[in-house]
Amino acid sequence: MKQSSDHKPLRARTAAIGVDIGGTNIKLGLVAPDGRVLLRGSFQTRADEGRAGVLGRLVENILAVSSAARQKGWGVKGVGIGAPGPVDVRRGWVYFFPNLPGWKNTPLKAILERRLRLPVAVDNDANVMALAEFRFGAGRGADPMVALTLGTGIGGGLVIGGRLFHGPAYSAAELGHISIQEDGPLCGCGSRGCVETYVGNGYFVRELKKRLKAASAAGRGRTRRRFGDGGHGLLEGWVFREKRELTPKLAALAARKGDPVASKLWEETGERLGTMLAGLVNALNPQKIVLGGGVAQSGSLLFGPVVRTIGKKAFPIAARSVRVVPAAFGVDAGVVGAAALLFEGRNKP
Ligand SMILES: [Zn+2]
C-alpha cells in the first residue's frame, strides 16, 4: 500500500481495467484516470479453444487484476474492452471477429457484466486506440482528431465534439477502406483500391520484395556491381545475401542510407496515405491526425510525403490548420484506450 495516499478514503482512488483482445494475445491492465498503467498482464488468446474457453480465461484474468487492484487500494470503476471487429457499442454486442472464429453475435457486455459484476463497455480496437491518443496522448485536446494505426491493416478512429464518432450503425471510421484507386487491388472488404491495400504492412513488404528482385535481376546484367555504393543495392544485399528479414523497419534504415528502391516505396506509400488524408482534411477540417503502428515509426520517410501531399491536395485553409503527428502510445494504446471508455461516461455514438 502506498504511504502517501493512505490518508485519503480508498473510494477516492478509482481506476478502470482495460482489455485489448488480439488474435494471438490478450493484454489487460489497470489504468488510472490520468492514463497511467498501474498493473499489466497478458495471456494467450488460444482462439482454437473457442469462445467459451477464451471467455473463461478472460474472466479469470480480469478478476485477478481486479483483486490485485483492491489490494493496492484502488477501486475498480469497470472494464473496457477493445474488440478486434465490428461492435454495436450501445448494446456491447460483437457482430463478428474477422480473425477469431465463433464470436458471431456475441452479447459480450451482458455476458461479462453478469460474470464480473462490474460495468463493462465495448468498442472496437481502432476506436479505443484513437481514444487513448485523444485523452492522454499525441492528440490530446485536438478536435476533430483523426487517428490511424498502420499495421497489417489500417485501423481508424475519429473524435468529433470530444467523443468517439460511431455513426448510427456504429460503422464509422473504417478509414483503411477508403478507396483511392477505382480499379486497384481487391481488398479483404470486397472493394478495390482501399488505402489499406497499398499502405498495410503486408502490401509494403510484398511490393518491396518484388521490386528488389527486379532490381537484382537488372543488376546481374551490369558489368560492374558494387553493393552499398551510394545506397544502391544496399537493401538487396541485406535481404538476399545476408538473409535479413524484410520489415518496414529494415526498409526505413535502408532508405535513410540512400537505398533508392526503399526510398521510392516510402515516398509512394506516403503519397497514397496523404491522398486519402487530404480527403479527410477536406471533409472534417481536423486539428490533428495521429499516425501509429509499425509503418508510422519510419519518421520523416512517411510523414514528409504525407504532409506534402495534404498540402498539394487539400484545401489550403484546412491543410494549413492540421498537424500530422506520431502516436504517443505503442503497445499500451489498446489497454489505455479501452479503460478510457469507462472515463468517458456513457459511450454514446
Ligand atoms: Zn477495403
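In this text, all values refer to a predicted model and were calculated from it rather than measured experimentally.

Chemist: Which residues make up the packing of helix α1 (residues 50-71) against helix α2 (residues 108-116), and what values do they have?
Modeler: For the pair α1 and α2, the least separation of the axes is 11 Å and the interaxial angle reads 50°. Viewed along their axes, α1 and α2 adopt a mutual orientation that is oblique. For the element pair α1 and α2, the recorded crossing hand is right-handed. Two secondary-structure elements touch here, α1 through L55, V59, I62 and L63 and α2 through I111, R115 and L116. Here the residues of the contact of α1 with α2 sort into 6 nonpolar, no polar and 1 charged.

Chemist: Residues and numbers for the sheet that holds strand β3 (residues 37-44), please.
Modeler: One open sheet holds the 5 strands; their spatial order is β3-β2-β1-β4-β7, and the pairing between them is mixed. The open sheet terminates on both sides in strands that have one partner only, identified here as β3 and β7 (120-124). Taking each pair of neighbouring strands and ignoring which way they run, the sheet shows an average axis angle of 20°. Pairing analysis gives 6 bridges linking strand β1 (residues 14-21) to strand β4 (residues 75-83), with the strands arranged parallel. Note that in β4 the partner of T14 across the bridge is G75. Of the strands in this sheet, β1, β2 (25-31), β3 and β4 are in contact with α1, which crosses β3 at around 160°.

Chemist: Which residues make up the sheet that holds strand β11 (residues 288-292), and what values do they have?
Modeler: Ordered by their spatial adjacency, 5 strands build an open sheet running β10-β9-β8-β11-β12, and the pairing between neighbours is mixed. In this open sheet, the two strands that pair with only one neighbour each are β10 (163-164) and β12 (323-326). Where β11 meets β12, 4 bridges bridge the pair, whose relative direction is parallel. The residue of β12 that forms the bridge with K288 is R323. Packing against the sheet, helix α3 (residues 125-136) makes contact with β8 (145-150), β9 (154-160), β10 and β11, and its axis sits at approximately 50° to β9.

Chemist: Tell me about the domain arrangement of the protein, and name the residues and values.
Modeler: By domain assignment, the protein separates into domain 1 (3-137 + 331-343) and domain 2 (175-326). Measuring from the centre of the C-alpha atoms in domain 1 to the corresponding centre in domain 2 gives 33 Å.

Chemist: How would you summarise the environment of K210 if you had to cite specific residues and measurements?
Modeler: For K210, the position within the fold is in helix α5 (residues 201-220). Taking the number of C-beta atoms within 10 Å as the measure of exposure, K210 has 10 and is therefore exposed. K210 sits 33 residues away from H177 along the chain, and the two C-alpha atoms are 24 Å apart.

Chemist: Can you explain unusual backbone geometry? Please cite residues and give values.
Modeler: A cis amide bond, omega -5°, links D143 with the succeeding residue P144. Within the fold, P144 resides in the loop between α3 and β8. Residues other than glycine seldom take positive phi values, yet A173 does so here, at roughly 70°. Along the chain, the position of A173 falls in the loop between β10 and α4 (195-199). Here the phi dihedral of K243 falls at roughly 60°; this positive angle occurs in a residue that is not glycine. Topologically, K243 is positioned in the loop between α6 (234-241) and α7 (248-256). C-beta crowding within 10 Å serves as the criterion here: with 7 such atoms nearby, K243 is assigned to the exposed category.

Chemist: Residues and numbers for helix α8 (residues 260-284), please.
Modeler: Between the first and last C-alpha of α8 there are 35 Å, a value that for 25 residues agrees with the 36 Å anticipated at 1.5 Å per step. Backbone geometry just after α8 places N285 at a positive phi near 50°.

Chemist: Could you give an account of the environment of G190, naming the residues involved and the relevant values?
Modeler: Looking at where G190 falls in the secondary structure, it is placed in the loop between β10 and α4. As a C-alpha pair, G190 and K72 span 118 residues in sequence and 49 Å in three-dimensional space.

Chemist: Outline the pairing of β9, listing residues and values.
Modeler: Counted residue by residue, β9 has 6 buried out of 7 residues, so it is predominantly covered. Two elements, β8 and β9, share 6 bridges in a ladder whose sense is antiparallel. Counted as the bridge partner of V146 is L158 from β9. Between β8 and β9, which pair antiparallel and follow one another directly, the connecting turn spans 3 residues. Between the antiparallel neighbours β9 and β10 lie 2 residues, among them G161 with a positive phi of about 65°.

Chemist: Any details on the confidence of the model for the protein? Residues and values, ideally.
Modeler: Counting all residues, the mean pLDDT for the protein is 91, and 92% of those residues have values of 70 or more. Across the protein, α2 holds the top mean pLDDT of 98, while α5 sits lowest at 90. Low pLDDT, under 50, characterises residues 1-6; the stretch is placed with 5 contacts to residues that sit more than four places away or in other chains.

Chemist: Describe in detail the environment of T309, supporting the description with residues and values.
Modeler: Along the chain, T309 turns up in helix α9 (residues 300-313). Beyond its immediate stretch of four places on either side in the chain, T309 contacts G270, E271, G274, T275 and A278.

Chemist: Lay out α6 in plain terms, naming residues and giving numbers.
Modeler: Structurally, the α-helix is built with 3.6 residues per turn, so residues lying three or four positions apart point the same way. Among all positions in α6, only L234, L235, E236, W238 and V239 are buried. The first or second residue beyond α6 is K243, which carries a positive phi of 60°.

Calculation notes
Residues numbered from 1 in each chain as written. Predicted model: local features only at pLDDT ≥ 70, side-chain atom pairs only at ≥ 80, totals over all residues. Axes fitted to C-alpha atoms, helices over the stretch in contact; angles between N-to-C directions. Helix = DSSP H or I, 4+ residues; strand = E, 2+ residues; numbered from the N terminus. Parallel < 35°, antiparallel > 145°, perpendicular 65-115°, else oblique. Left-handed = near helix turned anticlockwise from the far one by under 90°. Contact = placed C-beta atoms within 7 Å. Nonpolar A, V, L, I, M, F, W, Y, C, P; charged D, E, K, R; others polar. Pairing = 2+ DSSP bridges. Domains from an automatic or database assignment. Buried ≥ 20, exposed ≤ 12 C-beta atoms within 10 Å, placed from the backbone. Expected span 1.5 Å × (residues − 1). pLDDT = per-residue confidence, 0-100.

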